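Chain by chain, the residues:
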Amino acid sequence: QLGEFIYDEYLRSFNLSTIDVKSNHFNNYLKHIIKLCYFWDKTLVSNEIKALIISHSTYLFGLVATIAIYKGIPVYRVSTSSSFYLTKKFPRSYSDFSSYKQIAKKISSRKKRDLLIKSKLKNIKFFLGNESKSTKLKKNNNVKFDSLTILISAHCFTDAVHPHGLKNCFSDFYEWLDYLGKFSKKTNHNWIIKLHPQEYDDNYNKIQYFLKKYPKFKLLKKSIKNKSLVNKIDIVLTVYGSVGREFPLFNIPVINASTCGPHCGYKFNYHFDDIKKYDYALKNLKKFIQNFKCNKKDIYELFYMRYYIDYSFYYNADFAIDLNEKFRVGKINHEEMISIWLEITNNRIHDKIYHNVEKFI
């Protein structure tokens, strides 16, 4: 169960898009990681570690956590917006994506109603920004079946590929884009790519390889927002991106090359982890567009389950969400996050959080 962590760490550490398993570089790295596994296997026991706290359940953090879990050591993954107790059954953050709908049924009707209202407003604001007060959600009814416009919502190449598990069609984002590029040659469709905002310049350099190799791929400008694409695209392709909860609001279907992403517990996305079935979907996009139906209430439910229900050390979920979003798009850095927190905290908040931490543990 350690391969996914080694894979993701290798891409991240050396700023690569994919792995050449036959290269001497990778084999030397693999030898180093095997030694590291033995080190942690021994260290966690010999030092009588009582518990392990990590910031991510991916990369080498996840590798060490997995070793600790199998040794019976309590492991906690702690971040700004959520915290998880990891186990053999649930070894990753957000291991409960597929159970969201069942978990939501346990929430009281009154609480659920309040969460749905808050979620709807927050979800629309995320997508529409400052226009959210005056803009209504409109359905996309401009589908032209002779030639489709396909949006490829690209991921950050070096970001963890397997944060949610291994039920994906492809080993990494490079293989996914290469597959789509080869497929694009067989179609008359318009293929446009929108890069992930995280580490944009680096992703821009990496995407040039695909743009040269596959002429039908066209890259959108950095300034273009998702909301401006609503009446210009027919369908969206992603591995497990957040576009899965955005474009269906406008009756635009999203196809995921994964069955373990954030939206896997709902039917407002299409999900595949088998390449043959994924290939069938690509060959029958018109059919998937025509058959697409979306219950917007499910999207709002997914949103509050994703961002409001999990345990957080912060006393205010809205604060944590806004802070994370500002950090994600580069409006603030780590130091500023700490400064903002110190400005609003006090002894009362500290005592409340301390009590919640004890209760959580």
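Small disclaimer: the values here were computed from a predicted structure and weren't measured. (Residues numbered from 1 in each chain as written. Predicted model: local features only at pLDDT ≥ 70, side-chain atom pairs only at ≥ 80, totals over all residues. Heavy atoms only, no water.)

Remarks on the packing of helix H6 (residues 173–184) against helix H8 (residues 275–283)
Phase 1 of the analysis: Interhelical geometry of H6 versus H8 gives an angle of 45° and a closest axis separation of 12 Å. On the basis of the axis angle, H6 is oblique to H8. When the axes of H6 and H8 are compared, the crossing they make is right-handed. On the side of H6, the interface is formed by Trp 176, Tyr 179, Leu 180 and Phe 183, while H8 contributes Ile 275, Tyr 278, Asp 279, Leu 282 and Lys 283.
Phase 2 of the analysis: Of the residues that constitute the contact of H6 with H8, the class distribution is seven nonpolar, no polar and two charged. (Axes fitted to C-alpha atoms, helices over the stretch in contact; angles between N-to-C directions. Helix = DSSP H or I, 4+ residues; strand = E, 2+ residues; numbered from the N terminus. Parallel < 35°, antiparallel > 145°, perpendicular 65-115°, else oblique. Left-handed = near helix turned anticlockwise from the far one by under 90°. Contact = heavy atoms within 4.5 Å. Nonpolar A, V, L, I, M, F, W, Y, C, P; charged D, E, K, R; others polar.)

Some words on the nonpolar core
Phase 1 of the analysis: One finds Trp 176, Leu 180, Phe 217, Phe 247, Ile 255 and Tyr 278 to be the most contacted residues of the largest nonpolar core, which totals 93 residues.
Phase 2 of the analysis: Leaving out residues up to four positions away in the same chain, Phe 217 has contacts with Ile 152, Leu 177, Leu 180, Gly 181, Ser 184, Trp 191, Ile 193, Phe 210 and Leu 211.
Phase 3 of the analysis: One finds Tyr 314, Leu 323, Met 337 and Ile 353 within the second-largest nonpolar core, a separate group that totals nine residues. (Core = buried A, V, L, I, M, F, W, Y, C linked by side-chain atoms within 4.5 Å. Buried < 20%, exposed > 50% of the residue type's maximum accessible area, 1.4 Å probe, protein only.)

A closer look at the sheet that holds strand S4 (residues 149–153)
Phase 1 of the analysis: Here six strands make up an open sheet; going across it, the order is S6-S5-S4-S7-S8-S9 and the pairing parallel. Each of the sheet's edge strands pairs with one partner strand only, and the pair in question is strand S6 (217–219) and strand S9 (270–271).
Phase 2 of the analysis: This element, helix H7 (residues 200–213), spans strand S5 (190–194) and S6 of the sheet and lies at about 155° to S6. (Pairing = 2+ DSSP bridges.)

Some thoughts on unusual backbone geometry
Phase 1 of the analysis: Despite not being glycine, Asn 15 shows a phi value in the positive range, around 55°.
Phase 2 of the analysis: Looking at Asn 15, the relative accessible area reads 38%, which means it is partly exposed.
Phase 3 of the analysis: Residues other than glycine seldom take positive phi values, yet Asn 251 does so here, at roughly 65°.
Phase 4 of the analysis: Examined against the element boundaries, Asn 251 turns out to sit in the loop between strand S7 (235–238) and strand S8 (254–256).
Phase 5 of the analysis: The exposure class assigned to Asn 251 is partly exposed, which follows from its relative accessible area of 26%.

Side note on the confidence of the model for the protein chain
Phase 1 of the analysis: Per-residue confidence for the protein chain gives a mean pLDDT of 90; residues scoring 70 or more make up 94%.
Phase 2 of the analysis: Every residue in residues 132–141 is under pLDDT 50, and counting partners more than four places away or in other chains gives 19 contacts. (pLDDT = per-residue confidence, 0-100.)

Remarks on the state of the cysteines
Phase 1 of the analysis: Taken as a whole, this structure holds zero disulfides when the rule is applied.
Phase 2 of the analysis: Just so you know, Cys 260 is unpaired, no disulfide at all, and the nearest cysteine sulfur is the one on Cys 264, 6.9 Å from it. (Disulfide = S-S within 2.5 Å.)

Regarding the packing of helix H2 (residues 24–46) against helix H3 (residues 59–69)
When two helices pack together, their arrangement is given by the angle between the helix axes and the distance between those axes.
Phase 1 of the analysis: Packing of H2 against H3 leaves a shortest axis separation of 10 Å and a crossing angle of 45°. By the angle between their directions, the pair H2 and H3 is classed as oblique. The crossing of H2 and H3 is right-handed. In this structure, H2 contributes Ile 33, Leu 36, Cys 37, Trp 40, Asp 41 and Leu 44 to the contact, and H3 contributes Leu 60, Leu 63, Val 64, Ile 67 and Ala 68.
Phase 2 of the analysis: Residue composition of the contact of H2 with H3, grouped by class: ten nonpolar, no polar and one charged.

A closer look at the pairing of S5
Phase 1 of the analysis: For S5, the buried fraction is high: four of the five residues fall into the buried class.
Phase 2 of the analysis: Here three bridges tie S5 to S6, and the two strands are oriented parallel to one another. When the sheet's bridge partners are listed, Ile 192 is paired in S6 with Lys 218.
Phase 3 of the analysis: In terms of handedness, the path from S5 via H7 over to S6 forms a crossover that is right-handed. (Right-handed = clockwise from strand over helix to strand, strands pointing away.)

Quick notes on the pattern of salt bridges
As a working rule, side chains carrying opposite charge can pair if their charged atoms are close by.
Phase 1 of the analysis: Evaluated as defined, the whole model comprises eight salt bridges.
Phase 2 of the analysis: A salt bridge links Arg 12 to Glu 199; its shortest N-O distance comes to 2.6 Å. Of this pair, Arg 12 sits in helix H1 (residues 3–13) while Glu 199 sits in the loop between S5 and H7, placing them 187 residues apart in sequence.
Phase 3 of the analysis: Here Asp 178 makes a salt bridge to Lys 213, at a shortest N to O gap of 3.1 Å. With Asp 178 in helix H6 and Lys 213 in helix H7, this residue pair connects regions lying 35 residues apart in the sequence.
Phase 4 of the analysis: Taking the relative accessible area as the measure of exposure, Lys 213 reaches 32% and is therefore partly exposed.
Phase 5 of the analysis: Shared partners join several salt bridges into a network, and the residues in it are Asp 178, Lys 182 and Lys 213. (Salt bridge = Lys/Arg side-chain N within 4 Å of Asp/Glu carboxyl O.)

Focus on the side chain of Asp 172
Phase 1 of the analysis: Along the polypeptide, Asp 172 turns up in the loop between S4 and H6.
Phase 2 of the analysis: Among buried Asp, Glu, Lys and Arg side chains, Asp 172 stands out as unpaired, with Lys 182 the closest opposite charge at 11 Å.
Phase 3 of the analysis: The contacts of Asp 172, once residues within four sequence positions are left out, are Tyr 7, Leu 11, Ser 17, Thr 18, Ile 19 and Val 161. (Lys, Arg positive; Asp, Glu negative; His and termini not counted.)

Remarks on the packing of aromatic side chains
Phase 1 of the analysis: Per the counting criterion, the structure on display carries 31 aromatic pairs.
Phase 2 of the analysis: Between Phe 272 and Tyr 278 the ring centres are 6.4 Å apart and the planes differ by 65°, which places this aromatic pair in the edge-to-face class.
Phase 3 of the analysis: When the centroid spacing of 6.1 Å and the interplanar angle of 70° are considered together, the rings of Phe 272 and Phe 288 count as edge-to-face. Of this pair, Phe 272 sits in the loop between S9 and H8 while Phe 288 sits in helix H9 (residues 285–290), and the two are 16 residues apart along the sequence. Across the pair, Phe 288 and Phe 272 agree in class, each one buried.
Phase 4 of the analysis: Ring-pair connections join several aromatic residues into one group, and the members of that group are Phe 170, Tyr 179, Tyr 270, Phe 272, Tyr 278, Tyr 280, Phe 288 and Phe 292. (Phe/Tyr/Trp six-rings, centres within 6.5 Å; stacked < 30°, edge-to-face > 60°.)

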